[in-house]
Structure formats: C-alpha cells, structure tokens
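The primary structure of each chain is shown beneath.
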Amino acid sequence: MTARYVLRRLGQAAVVLWGAVTLSFLMIHLVPGDPVRIILGSGDGDAATITPAAEAELRAQLGLDRPVAVQYLDFLRRAATFDFGHSYSTGQEVSVAISAAVPVTVELGVAAIVLAVVLALVFALLSVLLPTQALRSSFQSASLLGTAMPSFWVAILLLQVFSFRLGWFPAYGSGSWQALVLPGLTLALLTAGTLGQVLTRGLNEALAETYADTARAKGVSEARVVTGHALRNASLPAFTMAGMMAGGMLSGATIVETIYGRRGVGMYFVQAIQTQDFPLIQALVILSGGFFVLVTLAVDLAYRWIDPRVSTPHRRKAGVA
C-alpha cells in the first residue's frame, strides 16, 4: 500500500467530511423555524410574545445578523474544534452533552457489531456445513428472517419475553452489562441477517473454486476446506458490509436507544429534532458523518491486510498484482 494511495484516501475522506459540515451549516438556514424565536420560547413564531429589541439582541449574540459567508467561515472554524455553542433547549454546552452520550452509544455499537459478526459467522458456517440441504436451507431462511424483521418490532418482542415475562434483563436504562444485552441483540439481529447472507454466498462461490476441489482431492475434510481455505477468501465482501453497517450504526441506535431509554447519541438526536435544537443537531450530524468516514476509511485501508491480492488503483495502473 503506497503512501500516495493513503494520502489520496485521506483527502477524499476530508472532502466528504467538509460536505457534511457544509450541509449541517445550511440546515439552520433552510429548515423552517427561527432559532431566535425558539430560544426566546416561541417556537411557533408568535410575534406578540417577542419584543423586537430582545429578538435583535439575541440575533446579534448568535451572530445571525452577519452575512451568510461570514457565518459559514466562523462555523467552519468552530467545527474544526467541535465548538457548537450551547444547546437551545437545555443551555448545556453541546460538546459536554455529546461527550457524555458518546460512550453509551459506543458501548452499544461495539456489543452489537461483535454479536452480529458471531451470529453471521455461525449462520454462514452452518448453512454450508450441515449434512442435508433441508437443514442448510433452514439456516439460510433464519438469516433472511433476521433481515426482514424491523428493529422496533424485535425490540418489543425481546422486551416482552426476556424482560416482562422472564425478568432476566432490565427493560430500561444503561450502566450495566445486563442492560446492554437486549439493545445490543436488537441492533445486531438485522446486521447479522444481512452479513450471514453475504458470507454464505461468498462461501458457496469459494467452495466452487478449483483450489477447494484440489483440497478435497487430497483428502481434506469439508470443514477444514471451509475454515482453512474458503472462509478468508469469502470474508472480504462481508467485511466491507460490516464496515458500512458499523459506520451507519448511529442511525440504528436512534431507534434502539429511544426504546430502551439509553441516553446515548441516538436518543439525543431524537430529542434535538423534536425541540429544533439546531446546535445539537449540527454537532450530531457532523459527528455521524465523521464516524462513518473514519470507519469506511479504516475498512478500505484494511483490504490488503485481509487479502494481499487486492491492489490499489496506483498498483493496478503500474501492472502490479
């Protein structure tokens, strides 16, 4: 992997992140709702409750009376240091509020990804190793079911069975591993179903290659052919998809954290939209975009470590495999 390729990917990631920052800036000027009236406690824009002097004073304090270009440059400067001011709804500094919420969401995301990868691996291996076609089809259908079920429905089902009936896990809150099980499983099942299907398809294609036939001809067991030869070659598409899903985990956490009452980034996102808290929304949009860019960049750079046959565009042009 050349330094030139890494620098180019970093440049592309910076452009995408700049686009996310710019869109979050435009949002405050394009969506309905005046931030000044929201802060003054009149989100419906009732002019009778707001004096022009108070409105003008607050608009000047927020810098909204300046030209848009000046506001944009100032926004870029503050975004570089993650300084988004104070929340309209709580008055708390945005960076402080988000720094308290990020560990809760990271904890959930890591648990969900680990569970999803383990479940997908089990489904894929059983889908190709079970002795009969009927059993293999059953596990393939199970992974399809995981893809089809909406996350909110899975959450309600898990709560009903494991919390309300059996009492094994709490239905609400965070701070313990017991409170992490049901939200993590809810978020993992959808990802596991998709990953399992992709990995199963990759394994079936790899097992049809000549190197798999050669291994079988040498007396290697089918399980050894799958785990020792086919699995690594089949894992690249699944690894790509896992990286994209990890990058989009914040969007899934929005629903799961709201249902299970976890005060993470997802729940803050919902509350910020409901209260039109623009500084908090802007910070969360940039945080989500930056996290997605970081994960996809890491996945891209890890390709050659997983499969050395993968070459960079620069090496392909030079005729190097």
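What counts and how
- Each chain has its residues counted from 1, running along the sequence as written.
- Selection of residues for local features in this predicted model requires a pLDDT of at least 70, selection of side-chain atom pairs for listing and counting requires 80 or more, and totals for whole chains, interfaces and linings are taken over all residues.
- As a convention, hydrogens and water are excluded, and side-chain values are obtained from all of the structure's heavy atoms.
- Runs of E in the DSSP output that reach at least two residues are strands. Runs of H or I that reach at least four are helices, and both are numbered from the N terminus.
- Buried means the residue's accessible area, taken with a 1.4 Å probe over protein chains only, is under 20% of the maximum for its type, while exposed means over 50%, and partly exposed covers the values in between.
- Contact between two residues is taken to exist if any of their heavy atoms lie within 4.5 Å; hydrogens are not considered.
- Residue burial considers only the protein chains on display, and all accessible areas are found by Shrake-Rupley using a 1.4 Å probe.
- UniProt positions are given in the numbering used here, feature names are shortened, and annotations may be inferred rather than shown by experiment.
- One less than the number of residues in a helix, times 1.5 Å, gives the span that helix is expected to have.
- For every residue, the predictor reports its confidence as pLDDT, a number between 0 and 100.
- Remark: nonpolar core denotes a set of buried residues (Ala, Val, Leu, Ile, Met, Phe, Trp, Tyr, Cys) joined through side-chain atoms within 4.5 Å.
- All domain edges in this entry derive from an automatic or database-based domain assignment.

1. Some details on the overall build of the protein chain
No. 1: A count of helical and extended segments in the protein chain gives 14 helices and zero strands.
No. 2: Along the protein chain, helices (α) and strands (β) appear in the sequence α-α-α-α-α-α-α-α-α-α-α-α-α-α when read from the amino end.
No. 3: Burial statistics for the protein chain: of 321 residues in total, 40% are counted as buried.
No. 4: Here the contacts in the protein chain between residues at least 6 apart in sequence split such that 69% fall between residues at least 24 apart.
No. 5: By element, 67% of the accessible surface of the protein chain is carried by carbon and sulfur atoms, the whole surface being about 16,900 Å².

2. Topic: the side chain of Thr-105
No. 1: Secondary-structure assignment places Thr-105 in helix α5 (residues 94-129).
No. 2: What makes Thr-105 buried here is its relative accessible area of 7%.

3. Some points on the UniProt feature "transmembrane region" (unreviewed entry) in the protein chain
No. 1: Under the UniProt annotation, "transmembrane region" (unreviewed entry) lies at residues 12-31, 108-130, 142-164, 176-195, 238-260 and 280-306.
No. 2: Helix and strand shares over residues 108-130 are 96% and 0% respectively, and the end C-alpha atoms of the span are 32 Å apart.
No. 3: With 95% helix and 0% strand, the stretch residues 176-195 has end C-alpha atoms that lie 28 Å from each other.

4. Some words on helix α1 (residues 3-30)
No. 1: In a regular helix each residue adds 1.5 Å, so 28 residues correspond to 40 Å; α1 covers 40 Å between its end C-alpha atoms and thus fits that length.
No. 2: Turning to α1, its buried residues are Tyr-5, Arg-9, Ala-13, Ala-20, Val-21, Thr-22, Ser-24, Phe-25, Met-27 and Ile-28.

5. A short note on the confidence of the model for the protein chain
No. 1: Mean pLDDT for the protein chain: 80, with 88% of residues reaching 70 or above.
No. 2: Mean pLDDT values for the elements of the protein chain range from 50 in helix α14 (residues 313-317) up to 88 in helix α7 (residues 151-165).

6. With respect to the nonpolar core
No. 1: Grouped together as the largest cluster of nonpolar side chains are 20 residues, with contacts concentrated most on Phe-84, Leu-280 and Leu-284.
No. 2: Residue assignment for this core shows that the elements contributing at least two residues are α1, α4 (68-80), α5, α12 (265-274) and α13 (278-306).
No. 3: Looking at this core, the element that brings in the most residues is α13, giving five residues.
No. 4: Viewed by domain, this core spans two of them, domain 1 (3-81) and domain 2 (94-306), each represented by three or more residues.
No. 5: Once you skip the residues sitting within four places of it in the chain, Phe-84 turns out to touch Phe-75, Arg-78, Ala-79, Val-94, Pro-279, Gln-282, Ala-283 and Ile-286.

7. Points about unusual backbone geometry
No. 1: Phi at Phe-82 takes a positive value of approximately 55 degrees, unusual for a residue other than glycine.
No. 2: Relative to the helices and strands, Phe-82 is located in the loop between α4 and α5.

8. Points about the environment of Gly-264
No. 1: As for its position among the elements, Gly-264 is in the loop between α11 (249-260) and α12.
No. 2: For the pair formed by Gly-264 and Val-102, sequence separation is 162 residues and the distance between their alpha carbons is 6.1 Å.
No. 3: With near-sequence residues (within four places) excluded, Gly-264 lies in contact with Ala-101, Val-104, Thr-105 and Glu-257.

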